[in-house]
Amino acid sequence: MDLLEYQVKEWFGKIGIPVLPSQRIDHPTDLKRLKIRYPIVLKSQVYAGERAKAGGVRFVDTTIDAIAAAQTVFNLPIWGELPEVLLAESKYSSQQEFYLAVVLDTAVCRPVLLGCKEADIDWESAGEKMQHVVVEQEFSPFYARRLALKMGLQGKLMQSVSSVVEKMYQLFVQKDLDLVEINPLAVNASGEVMALNGKVSINERAIGRHPDLAEIAVKIANRHSRSSVNGHLGDWDGLELHGKIGILGNGTGSMMATLDLVTSAGGKPGSCLNLRHAFLTDVSPTTFCDRLAKGLNILAADRSIQVILLNLLGSVPQTEEVTDIISNFVQQDHHEIKSQTVKVGSRTRRESHFPRLVVRIAGSEFNTTKNFLDTLNTQTDALIVVENLDEAVAAAVRLAKPIAYKKV
């Protein structure tokens, strides 16, 4: 989960990384009450990159020009994303610009400090210019100074840059981050450094440990839901597709393998959810059964989903509770699910949006679960339980095919 620039700047300011005077702009008229002096720069607050090239960064000298520019930027999509917020910031004259980052290197399972004397990095040749220091033990200022020295910095500038790196690392650890980036870190004629732009990537599995991050995650999820076909999916570890077969798996591999098989069998996968992980916005621990119940309800609410394919591979935790959840789901009162009347020829029929469920369970719990679910009194094909994944996929594809109605 990434933050917008104005949020990053708030964090930088609190931890002591130098940032320019700035103000959040929610509407062009907010510029009439601007608290910072002109000239300023207006920046579109979107997650997409290259906003300057797309026209999302404007320099202005007066209030009239600022309001006109803000109106334009608010209505300018960047890679399909419209900003809800702009950032107004003081203009800064820089003599040099650096790139700095603290990143979690999953290959060595250690934080790595990165630094380059060029801010506009060509990532294809970055290896030749980028300096790095692996934080192999408990962090100390030595690591930050070592990076600054490898970048070729000396004297006051070396001290200033290493101090910024120390604070970046402090933020990295405090918030359980995957990345803290400053691009560029500008240096003016007096040798003072300033973070002109920044990026923060939050480790999504750490959100539950930080209430302030959970609040941000909720806002991002709500923002996503206004532009998404199924807004709930923005919080999940999964894929949002638009076919008729929704997929639930208890692992990324399980989910992706099921998706591939459905596609190979001629089916059209819909949204796919990984039940192994919790909602990003859940601040308290969740169980597998919590996620199963929520996942079933989310897919059932998607009007395009006709069949839900649940693939449980290996040991299934809380087996009795899992069967209870499946039982309650298939026996739900259909009045709780929105339906619509469809005219077919001279007849009408009632089309329910309640999807049918195909459950594949592989493991020692299969017989127990199947025996229990077989006792349910459900309509034909409302619930199918099998052990073989190919059979489950074939059943889901068959159930998702459109029903042909004879003319009367």
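A quick note: this is a predicted structure, and the numbers were derived from the prediction, not measured. (Residues numbered from 1 in each chain as written. Predicted model: local features only at pLDDT ≥ 70, side-chain atom pairs only at ≥ 80, totals over all residues. Heavy atoms only, no water.)

Novice: An account of the side chain of threonine 258 is needed here, citing residue identities and associated values.
Specialist: With respect to the helices and strands, the residue threonine 258 is situated in helix 7 (residues 252-264). Setting aside its immediate chain neighbours within four residues, threonine 258 contacts Ile247, Leu309, Asn311 and Leu389. (Helix = DSSP H or I, 4+ residues; strand = E, 2+ residues; numbered from the N terminus. Contact = heavy atoms within 4.5 Å.)

Novice: Describe helix 4 (residues 141-150), and please don't skip the residues or the numbers.
Specialist: Along helix 4, the positions that sit buried rather than exposed are Tyr143, Ala144, Leu147 and Ala148. An end-on view of helix 4 places all buried positions within 135° of arc, on one side of the element. Residues of helix 4 that are buried make contact with strand 5 (96-105), strand 6 (110-116), strand 7 (131-134) and helix 5 (155-174). Following helix 4 by one or two positions, glycine 152 adopts a phi angle in the positive range, close to 85°. (Buried < 20%, exposed > 50% of the residue type's maximum accessible area, 1.4 Å probe, protein only. Arc of directions from axis to C-beta.)

Novice: How would you summarise the packing of aromatic side chains if you had to cite specific residues and measurements?
Specialist: In this structure the tally under the stated criterion is four aromatic pairs. Between phenylalanine 142 and tyrosine 143 the ring centres are 5.6 Å apart and the planes differ by 65°, which places this aromatic pair in the edge-to-face class. Taking the relative accessible area as the measure of exposure, tyrosine 143 reaches 8% and is therefore buried. Here the aromatic residues Phe139, Phe142, Tyr143, Tyr169 and Phe172 are joined through ring pairs into a cluster of three or more. Positioned above the aromatic ring of tryptophan 11 is the side chain of lysine 175, whose terminal nitrogen or guanidinium carbon lies 5.1 Å from the ring centre. (Phe/Tyr/Trp six-rings, centres within 6.5 Å; stacked < 30°, edge-to-face > 60°. Lys NZ or Arg CZ within 6 Å of the ring centre and 35° of its normal.)

Novice: Which residues make up the sheet that holds strand 4 (residues 86-90), and what are the values?
Specialist: Strand pairing in a sheet relies on backbone hydrogen bonds. The paired strands run either parallel or antiparallel. Pairing within the open sheet is antiparallel, and its four strands lie in the order 1-4-2-3. Edge strands, defined here as strands with exactly one partner in the open sheet, are strand 1 (22-25) and strand 3 (57-60). On average, each strand axis in the sheet is tilted by 20° relative to the strand beside it, whichever way the strands run. Here strand 1 runs beside strand 4; their pairing, made up of four bridges, is antiparallel. Within strand 4, the position partnered with isoleucine 25 by the bridge is leucine 86. Along the sheet face, helix 1 (residues 5-15) touches strand 1, strand 2 (40-44) and strand 4 and points at about 50° away from the line of strand 4. Packed on one face of the sheet, helix 2 (residues 63-74) meets strand 1, strand 2, strand 3 and strand 4 and runs near 170° to strand 3. (Pairing = 2+ DSSP bridges. Axes fitted to C-alpha atoms, helices over the stretch in contact; angles between N-to-C directions.)

Novice: Can you explain the packing of helix 8 (residues 288-300) against helix 9 (residues 319-330)? Please cite residues and give values.
Specialist: At a minimum axis separation of 9 Å, helix 8 and helix 9 run at an interaxial angle of 20°. Accordingly, the angle class assigned to the pair helix 8 and helix 9 is roughly parallel. Helix 9 is crossed by helix 8, and the crossing has right-handed handedness. Together, Phe288, Cys289, Leu292, Ala293, Leu296, Asn297 and Ala300 of helix 8 and Glu321, Val322, Ile325 and Phe329 of helix 9 make up the contact between the two elements. For the contact of helix 8 with helix 9, the class distribution of residues is nine nonpolar, one polar and one charged. (Parallel < 35°, antiparallel > 145°, perpendicular 65-115°, else oblique. Left-handed = near helix turned anticlockwise from the far one by under 90°. Nonpolar A, V, L, I, M, F, W, Y, C, P; charged D, E, K, R; others polar.)

Novice: Just give me the short version of unusual backbone geometry, but keep the residues and values in it.
Specialist: It is generally the case that most residues other than glycine have a negative phi and that most peptide bonds are trans. The omega angle of the peptide bond from tyrosine 38 to proline 39 is 5°, so this bond is cis rather than trans. Mapped onto the elements, proline 39 comes out in the loop between strand 1 and strand 2.

Novice: Tell me about the pairing of strand 2, and please be specific about residues and values.
Specialist: Counting buried positions along strand 2 gives five out of five residues, so the element sits mostly inside the fold. The sheet contact formed by strand 2 and strand 3 spans four bridges and is antiparallel. Its bridge partner being in strand 3, leucine 42 is matched across the sheet by arginine 58. Relative to strand 4, strand 2 runs antiparallel, the two being bridged by five bridges. Opposite serine 44, over in strand 4, you have leucine 86 as the bridge partner.

Novice: Before we move on, can you summarise the pattern of salt bridges with the specific residues and values?
Specialist: Evaluated as defined, the whole model comprises eight salt bridges. Here aspartate 26 and arginine 24 are joined by a salt bridge, their closest N and O atoms 2.8 Å apart. Taking the relative accessible area as the measure of exposure, aspartate 26 reaches 40% and is therefore partly exposed. The closest approach of N and O atoms between arginine 33 and aspartate 30, which form a salt bridge, is 3.2 Å. The class of arginine 33 is exposed, set by a relative accessible area of 53%. (Salt bridge = Lys/Arg side-chain N within 4 Å of Asp/Glu carboxyl O.)

Novice: Quick one: what's the story with the side chain of serine 201, residue by residue and with numbers?
Specialist: On the secondary structure map, serine 201 appears in strand 10 (residues 198-202). Excluding anything up to four places from it in sequence, serine 201 contacts Met1, Asp2, Leu177, Asp178 and Leu179.

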